[in-house]
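Coordinate inspection notes
Here are the chains, one letter per residue:
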Amino acid sequence: MAKAVKSGPKKIDISINGKAVTVTEDTYLLNAIMNAGFNVPTLCNHKDLAPEGACRLCLTEIEANGKRSLVTACNYPVREKIEVFTNTDRIKNHRKTLAEMYLGRWPNVEVIQNLAKICGATDSEKFKSELTDENPKACVLCSHCVRACNSFVVQNVLGFAGRGITRHMTMPFGETDPHCVGCTSCAYVCPTGAIQIADEMNNPADPELIRFHGMRINAMMSTHDKLQNRMREVGTANLVEVMDNYDILPVHNYKFGQHPDTAKIDSGVMKRKYFTQDIADGCWMGCSVSCAKAVDGFELKTGPYKGQRVVVDGPEYETAAGGSNMGCFDLDFIVEFNFYCDTYGIDTISYATTMAFVMEAYEAGIITSEHTGGKELKFGATGEVLECIHELARGEGFGVDVGQGIRRLKEKWSKELGADAKFLQDIGMEVKGLEFSEYVSKESPLQQAGYAMAIKGPQHDESLLVFVDAINNQAPTIEEKAEVLNYFPIFRTWFSLLGQCKLIWNDIVPPDNSKYPPNEAVKIPERVEDFQKFYEGMTGEPLDEEKMLRQSERVFNLQRVMNYYLGYGTREDDMPPLRAVGPATEEEYISRKERYDKQMKEEIGIDPDGKSTREKMDIIREYRYKRYNELVDAVYKKRGWDKNGIPTVERLQELGIDVPEVLAMLKGPEK
Amino acid sequence: MITVNNKEELEWCEGMTVQEVLDEMGYDYPLITVTVNNQLVQQEDYATYEVPDNAEVNVFHLVHGG
């Protein structure tokens, strides 16, 4: 039944000191030995760092095909059936000699003394020489700091200089490197105390607490990002192919969620042909996620900088997905689009979504080339899109119309051109005047409500819940969905209150996160704890989930009251267009006919047989909006808002924000 | 027949592995947790862990980004 089945990692049977063990191919031998319950001494090994094989203390004997050899267990990947011996006389002698040498050089360093004890080395005089360093906090050249600088925060400020007996750890040219961001990763992993933190900036209440939790995140980025989202390698662009595969990548103004040409704009192509620096370009120094990317030496084909070679930031997922939304599966175009949006100060998401709407209107005959200044603005018209952006920047032509955004275009076209206002409302992907960001929400009521009910308009700052119900089938009831929609927007608002980046919260997930039940796992509890401890470490005040949410609720409710006062904060302002909720055209219905017919039969209880596509669309529309409104009712209730979505006085009192200025805003929109 | 995420049904066959279920469903997202009849399956075992007939398979996707 299965299509091209991927072959998973092989399992290999080995024996360790006579004990039979099965390991996954490429497991490092030291990990296999430890997991089997045996101990091998090491100095340079560290659980959060890639193995180095430098200290030689983990030397182990292996026998494969009748041949015995010595290997450093820490960086030896198991790839064949082997017998392993960790404690033969040969190894014991070797370890003892090595430990005596370490002890001779650094006799007073505690970690060396402990290792010597384990290896049976007691004579600190045997290898005493002019190199002997009596300092109890001497550097033992384990390279933890060098590796942490590279892998925790992608900086490479520390390195070794000199050879043989002059080898030492240093910054370039022996000077203080201005690129050092003071992240203290080096001090955190140093086993001897050779690296000391001289200055605690910003006077945190408990710097150690902040450091512990910060390093926990850094370490996990370093070890797990490459297995998870590859944020360091390709940034958020990794989502292009994921969303296409799950039918969520917007194509042709959100009509569809997939396209055969997505492979032309996915992160693989970006990595191979566009991203030039091949290093993680952190948007702020010292960030261990380092998801920002760049394209160097890109030659522009249009506009005022035509022919010049420039550096372009990104592209990120949303910008690339804006490309697919406009039907422009061309990365040369997407990079140039990105450059000019950045240069002119235009948001790529709002612009792409507006242009996708314009293109659909053009193809539907609502506007013609007469209105666009002769431009054929069909899906995929890359040159014409760029022309419109340049027009907007110059303040002339049709480009200025596009720059008004979807809400104003809908009004303008129905008023001036007599266009069908209902159709424009159905396909115009905006709520509260803001264009949708680039996810198809049709199959996810949580995503629909998370976006349309968001204070700022339909974007993912408050919630991104598309997998939770559409794929995972979590929160099947209205009540459970309302709980999710109450928690996430409030929880995520907390990051904005403190100026924290959310990517650190949910882009790197502890491998044991699966120990939590799904509704807890989705919150990523260990990461939430890290952020609570940052707060505590900075302010000295412990923070739990209840307090955290309370801080956000006060601001969230204040924002809603302000929205209301400004005319964007009632139920009507939380209503998504049809395109966000279900099929708005026959073409869309037919493309996913099986899905909609099945829902009609199984969930709505109506037999689709014999009905026209138009009739079936009306049934789906009615059902989905009814479901949406029930969900909105439940969320308002949970938030303590009235049926029109306005926070009640009692709720404001309960939150302690019932000050006269706020209550005055509750009197209604500004006239 | 097996059930995936309490929603989709897949025809079962002898020796069917977790990886085959994921391939059939098109689930290639990196942040997933898989359980078979409430038993957690580690990623390294996807290709060898056999799914029994009538199993309930859950493939839990964590959203990232934003």
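Residues numbered from 1 in each chain as written. Chains lettered and ligands numbered in written order. Predicted model: local features only at pLDDT ≥ 70, side-chain atom pairs only at ≥ 80, totals over all residues.

What follows covers the overall build of chain B. Scanning chain B from N- to C-terminus turns up one helix and five strands. Its helices and strands taken in sequence order, chain B reads β-β-α-β-β-β from the N to the C terminus. The C-alpha atoms of chain B give 11 Å as radius of gyration, which agrees with the globular expectation for 66 residues (11 Å, within 12%). Projecting the C-alpha coordinates of chain B onto the three principal axes gives extents of approximately 40 × 25 × 20 Å. In chain B, buried positions account for 39% of the 66 residues. Restricting to contacts in chain B with at least 6 residues of sequence separation, those with at least 24 account for 59%. (Helix = DSSP H or I, 4+ residues; strand = E, 2+ residues; numbered from the N terminus. Rg over C-alpha atoms; globule rule 2.2 N^0.38 Å. Buried ≥ 20, exposed ≤ 12 C-beta atoms within 10 Å, placed from the backbone. Contact = placed C-beta atoms within 7 Å.)

Residue and element names in this part refer to chain A. Counting buried positions along helix H10 (residues 317–325) gives nine out of nine residues, so the element sits mostly inside the fold. Turning to H10, the residues buried within the fold contact helix H8 (239–245), helix H11 (331–344) and helix H12 (348–363). Once H10 finishes, Gly 327 follows within two positions and takes phi at roughly 70°, a positive value.

All names here are of chain A. Looking at chain A, the domain boundaries give domain 1 (11–87), domain 2 (139–198), domain 3 (231–435) and domain 4 (445–665). On a C-alpha basis, the centres of domain 1 and domain 2 stand 28 Å from each other. At the junction of the two partners, domain 1 supplies eight residues and domain 2 supplies eight residues. Looking at the side of domain 1 that touches domain 2 residue by residue, the class counts come to six nonpolar, one polar and one charged. (Domains from an automatic or database assignment. Nonpolar A, V, L, I, M, F, W, Y, C, P; charged D, E, K, R; others polar.)

Let's shift gears to the sheet that holds strand E3 (residues 32–36) of chain B. Residues and elements named next belong to chain B. Ordered in space as E2-E1-E5-E3-E4, the five strands form an open sheet in which the pairing is mixed. The sheet is open, and its two edges are formed by strand E2 (8–10) and strand E4 (39–41), each paired on a single side. Taken over all neighbouring pairs, the strand axes of this sheet differ in orientation by 30° on average, direction set aside. Taken together, the two bridges between strand E1 (residues 2–4) and strand E5 (residues 56–61) define a ladder with parallel strand orientation. Across the sheet, the residue bridging to Thr 3 is Glu 56, located in E5. (Pairing = 2+ DSSP bridges. Axes fitted to C-alpha atoms, helices over the stretch in contact; angles between N-to-C directions.)

Now for the packing of helix H17 (residues 445–452) of chain A against helix H27 (residues 613–639) of chain A. Residue and element names in this part refer to chain A. For the pair H17 and H27, interaxial distance at closest approach is 11 Å and the crossing angle is 60°. One finds that H17 runs oblique with respect to H27. Crossing angle aside, the handedness with which H17 passes H27 is right-handed. Contact residues: Pro 445, Gln 448 and Ala 449 in H17; Arg 627, Tyr 628, Leu 631, Val 632 and Val 635 in H27. When its residues are assigned to classes, the contact of H17 with H27 shows six nonpolar, one polar and one charged. (Parallel < 35°, antiparallel > 145°, perpendicular 65-115°, else oblique. Left-handed = near helix turned anticlockwise from the far one by under 90°.)

Our focus in this paragraph is the environment of Asn 245 of chain A. Along the polypeptide, Asn 245 of chain A turns up in helix H8. Its 16 C-beta neighbours within 10 Å are what place Asn 245 of chain A among the partly exposed residues. For the pair Asn 245 of chain A and Val 269 of chain A, spaced 24 residues apart in the sequence, the C-alpha separation amounts to 16 Å. Excluding residues that lie within four positions of it along the chain, Asn 245 of chain A makes contacts with Gly 26 and Asp 28 of chain B.

Before going further, it helps to spend a moment on the sheet that holds strand E3 (residues 59–64) of chain A. Residue and element names in this part refer to chain A. With mixed pairing, the five strands of this open sheet are ordered in space as E2-E1-E5-E3-E4. Strands with a single pairing partner mark the edges of an open sheet, and in this sheet they are strand E2 (19–24) and strand E4 (67–72). When strand polarity is set aside, the average angle formed by the axes of neighbouring strands in this sheet is 30°. Strand direction decides the pairing type here: E3 and strand E5 (residues 83–85), joined by three bridges, are antiparallel. Note that in E5 the partner of Glu 63 across the bridge is Glu 83.

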